[in-house]
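Summary of the model geometry
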Amino acid sequence: MSDSLQWGGRFEAAPDAALLAFGSSLEDDLVLAAFDVACSQAHVATLAASRIIDVGTAYALDAALRMIADEIPSGEFAAQARASGAEDVHGAIEARVRTIAPAAGEWLHAGRSRNDQVATTLALYARDRATRGARICATIAQFALASARQALADETVLAATTHWQPAQPILLAFWLGAVAEMFLRATRRFNRVAADAREFCPLGSGACSGSTLPLDRGVAVHELDFGAPSRNALDAIGDRDIALDLLHAVARATLSASRVSEELVLWCAPAFGYARLDDAASTGSSLMPQKRNPDPFELVRAAASSANGSYTAALASLDGLALSYHRDLQETKAQVIRGTERGLAALEAFAAALPHVGWNAEAMESRAGDGYVVATDIADALIARGVSARQAHLLVGNAVSIAEKAGRALTQRDLTALAKKAKLAEPFKAPLDALASVRAKQTTGSTSPAAVKRALDELEEVLEREAGNSPR
Ligand code: ARG
């Protein structure tokens with residue numbers, strides 16, 4: 001049996017080198033090293049408390065694991081792991097322990113399988129990364145909220161679009177409030193994953209059915225800060241729900257970042273000119289000297305696609321897989337890690353790029369009324385005077401058509417003509433410019449300055465709770 005492999009006693013031939021290389025997950029799971037060390041320390045505590053190993057052995061194992069923990073940040077452990085020929089990070093850590101403490105190292109894997117180890121390590125990873133995701137998303141939401149408050153004070157207006165066609169005027173504060181809402185939800189989603197990842201501890205489940213050694217599972221539960229030991233070993237070692245939930249939260253948050261990025265990329269284009277990404281966040285062209293490109297937002301957009309691809313791949317890897325452990329789960333894990341690491345990096349970049357965006361209120365406001373965006377408000381005003389919704393829609397549509405042919409905006413004279421056509425006894429008032437339009441909105445959750453202020457106040461309260469809620 002090779003020292004770096006954790007099995008081999010029953011085999012007569014050496015493993016095929018190419019197949020062994022294909023089966024290695026080391027490059028994918030090295031990122032789990034610190035979590036596996038914590039998991040191994042909890043296992044050593046369990047073995048000692050359950051009197052399976054003596055105190056001296058436990059001490060030697062713990063010291064070796066602490067030494068490995070110190071070797072991780074510098075990359076020293078990774079180099080050793082690569083050189084060791086281990087199949088995965090779990091094997092590499094055991095091999096390193098056995099090098100540091102050869103006699104004690106023989107006992108580390110007592111009563112443990114890589115199956116319960118992988119499941120536990122993934123839960124610890126999910127907890128850590130979900131907490132980080134919550135922190136990043138809360139930061140983004142807080143930044144959007146603060147920017148929204150500023151834009152509200154200025155009452156900056158722009159034309160909101162649907163289908164990218166001029167739709168209705170909104171406050172910039174309202175748009176920023178929408179961004180804050182998206183990332184508040186993302187924060188909450190990450191917090192839920194972090195909480196779920198503390199619920200059950202799979203360690204002690206063994207390969208699939210538990211152990212004949214008297215492992216006191218409460219020790220690992222306590223050491224690793226879980227709520228309780230898992231109830232069913234078969235389920236615990238093959239379950240990837242938490243890992244998928246983590247990747248789902250990452251994929252969803254990056255989707256939000258991607259959609260906002262798309263809008264910002266467009267807004268930064270001179271044809272729009274609503275926003276300008278400052279020099280520190282922009283990049284140039286190797287050929288065209290005049291270029292300034294909003295690359296960070298384009299990269300975020302694409303990284304979101306990658307994270308979502310990983311999520312799809314992770315789901316697909318489980319499709320049709322029977323209960324228990326199958327080596328396919330190694331691929332699931334690789335996708336979870338890949339998608340999570342790339343997705344969180346994209347969210348961090350998004351958070352870092354946002355403060356570099358400057359808003360061009362003049363460009364927004366100069367075009368806020370273009371495209372007959374007050375037409376709905378005029379129709380609403382007719383409806384408030386007793387004209388049916390269909391009739392009002394038709395009349396204002398006709399007025400837009402006439403104005404468009406004349407190449408002009410809707411004016412007071414159009415309102416007078418509409419009153420006549422609708423057979424109103426008296427003239428009626430309706431917003432004719434963008435600011436009047438947003439100020440006239442009446443509903444909760446609308447873009448009126450008062451409604452936006454209320455929404456932002458409420459959001460701030462919930463956000464403070466969620467931001468404080470992210471577990472360690
Ligand atoms: N590298 C494997 C993984 O990541 C470790 C688990 C191996 N378990 C087994 N029964 N062969 O999933």
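Sequence positions are assigned chain by chain, starting from 1 and proceeding in written order. Owing to the predicted nature of the model, reporting of local features is limited to residues with pLDDT of at least 70; listing and counting of side-chain atom pairs is limited to 80 or more, with chain, interface and lining totals taken over all residues.

A few words now on the overall build of the protein chain. Numbered from the N terminus, helices here are DSSP runs of H or I no shorter than four residues, and strands are runs of E no shorter than two. Within the protein chain, the secondary structure is distributed over 20 helices and 6 strands. For the radius of gyration, the atom set is restricted to C-alpha positions; the globular benchmark scales as 2.2 Å times the number of residues to the power 0.38. Taking 472 residues into account, the globule formula puts the C-alpha radius of gyration at 23 Å, and the protein chain, at 30 Å, lies well above it. Taking the principal axes of its C-alpha atoms as reference, the protein chain extends roughly 100 × 55 × 40 Å. As a rule, residues whose C-beta atom has 12 or fewer other C-beta atoms within 10 Å are exposed, those with 20 or more are buried, and those in between are partly exposed; C-beta atoms are placed from the backbone. By residue count, 44% of the 472 residues in the protein chain fall in the buried class. The contact criterion used here is simple: two residues whose C-beta atoms, placed from the backbone, lie within 7 Å are in contact. Counted over contacts in the protein chain with a minimum sequence separation of 6, partners at least 24 positions apart contribute 79%.

A few words now on the site of the ligand. In the region of the ligand, the neighbouring residues are Ser-25, Asp-29, Glu-87, Asp-88, Arg-114, Asn-115, Val-118, Tyr-325, Leu-329, Gln-330 and Lys-333. Those elements giving two or more residues to the shell around the ligand turn out to be α8 (114-154) and α14 (328-353). Mapping the shell around the ligand onto the domain boundaries places at least three of its residues in each of domain 1 (18-110) and domain 2 (115-366 + 462-469). To decide whether a residue is near a molecule or strand, its C-beta atom is placed from the backbone and checked for lying within 6 Å of it. For the domains described, the bounds stem from an automatic or database domain assignment.

Quick look at the pairing of strand β1 (residues 157-162) now. Here the rule is simple: two strands pair whenever DSSP picks up at least two bridges between them. Where β1 lies against strand β2 (residues 165-171), 6 bridges are found, and the strand directions are antiparallel. What sits directly across from Thr-161, in β2, is Pro-166. The loop that links β1 with its antiparallel partner β2 comprises 2 residues; one of these, His-163, has a positive phi angle of about 55 degrees.

What follows covers the domain arrangement of the protein chain. In terms of domains, the protein chain is made up of domain 1 (18-110), domain 2 (115-366 + 462-469) and domain 3 (375-430). Placing a centre on the C-alpha atoms of domain 1 and another on those of domain 3 gives a separation of 76 Å.

Those residues of helix α16 (residues 375-384) that fall on the buried side of the exposure criterion are Ala-375, Ile-378, Ala-379, Ala-381 and Leu-382. For α16, the arc enclosing every buried residue in end-on projection is 155 degrees, short of the 170-degree limit, so these residues lie on one face. Buried residues in α16 make contact with α17 (389-405) and α18 (412-421). Remark: Gly-386 follows α16 within two positions and exhibits a positive phi of approximately 100 degrees. The directions considered for the arc run from the helix axis to the C-beta atoms.

Let us now look at unusual backbone geometry. Unusually for a residue other than glycine, Ser-324 sits at a positive phi of about 80 degrees. Among the secondary structure elements, Ser-324 is positioned in the loop between α13 (295-318) and α14. Judged by local crowding, Ser-324 falls into the partly exposed class, with 15 C-beta atoms found within 10 Å. Positioned with a positive phi, Tyr-372 is a non-glycine residue whose angle comes to about 55 degrees. Its location among the elements puts Tyr-372 in the loop between α15 (361-366) and α16. For Tyr-372, a count of 19 C-beta atoms within 10 Å gives the class partly exposed.

With that out of the way, let us pick up the packing of α13 against α14. Axis separation between α13 and α14 bottoms out at 8 Å; the angle between their running directions is 160 degrees. Between α13 and α14, the angle is such that the two are roughly antiparallel. As for how α13 packs across α14, the hand of that crossing is left-handed. Three classes are used: nonpolar for Ala, Val, Leu, Ile, Met, Phe, Trp, Tyr, Cys and Pro, charged for Asp, Glu, Lys and Arg, and polar for all others, with Gly counted as polar. Of the residues contributing to the contact of α13 with α14, the split by class is 16 nonpolar, 7 polar and 4 charged. Fitted lines through C-alpha atoms serve as axes, helices being fitted only where they are in contact, and the angles separating the N-to-C directions of these axes extend from 0 to 180 degrees. Our angle categories are set so that under 35 degrees counts as roughly parallel, over 145 as roughly antiparallel, 65 to 115 as roughly perpendicular, and the remainder as oblique. Handedness of a helix crossing follows the sense of rotation of the near helix relative to the far helix, less than a right angle counterclockwise being left-handed and clockwise being right-handed.

On to α18, then. Restricting attention to buried positions, one finds in α18 the residues Asp-414, Leu-415 and Leu-418. Buried residues of α18 fall within an arc of 100 degrees about the axis and therefore sit on the same side. Exposed side chains of α18 directed beyond 90 degrees from the buried face belong to Gln-412, Arg-413, Thr-416 and Lys-420. Looking at the buried side of α18, the elements it contacts are α16 and α17. Where α18 terminates, the next one or two residues include Lys-423, which has phi positive at roughly 60 degrees.

Our focus in this paragraph is the environment of Leu-20. By the element assignment, Leu-20 lies in helix α1 (residues 17-23). For Leu-20 and Ala-86, which are 66 residues apart along the polypeptide, the C-alpha to C-alpha distance reads 9.7 Å.

With that settled, the discussion passes to the packing of α8 against helix α20 (residues 449-469). In the contact formed by α8 and α20, the axes pass within 11 Å of each other and the chain directions differ by 155 degrees. Considering their axes alone, α8 and α20 lie roughly antiparallel with respect to each other. The interaxial crossing formed by α8 with α20 has left-handed handedness. Taken together, the residues of α20 that come into contact with α8 (itself represented by Ala-138, Ala-141, Gln-142, Leu-145, Ala-148, Arg-149 and Leu-152) are Pro-449, Val-452, Lys-453, Leu-456, Leu-459, Glu-460, Leu-463, Glu-466 and Ala-467. Residue composition of the contact of α8 with α20, by class: 11 nonpolar, 1 polar and 4 charged.

Along the chain, the position of Ile-136 falls in helix α8. Taking the number of C-beta atoms within 10 Å as the measure of exposure, Ile-136 has 24 and is therefore buried. For the pair formed by Ile-136 and Leu-435, sequence separation is 299 residues and the distance between their alpha carbons is 34 Å. Excluding residues within four positions of it along the chain, Ile-136 makes contact with Leu-344, Leu-347, Glu-348 and Ala-351.

Next up on the list: the environment of Asp-70. With respect to the secondary-structure elements, Asp-70 resides in helix α4 (residues 55-71). Residue Asp-70 is classed as exposed on the basis of its 12 C-beta neighbours within 10 Å. Residues Asp-70 and Ala-34, 36 residues apart in the sequence, show an inter-C-alpha distance of 9.4 Å.

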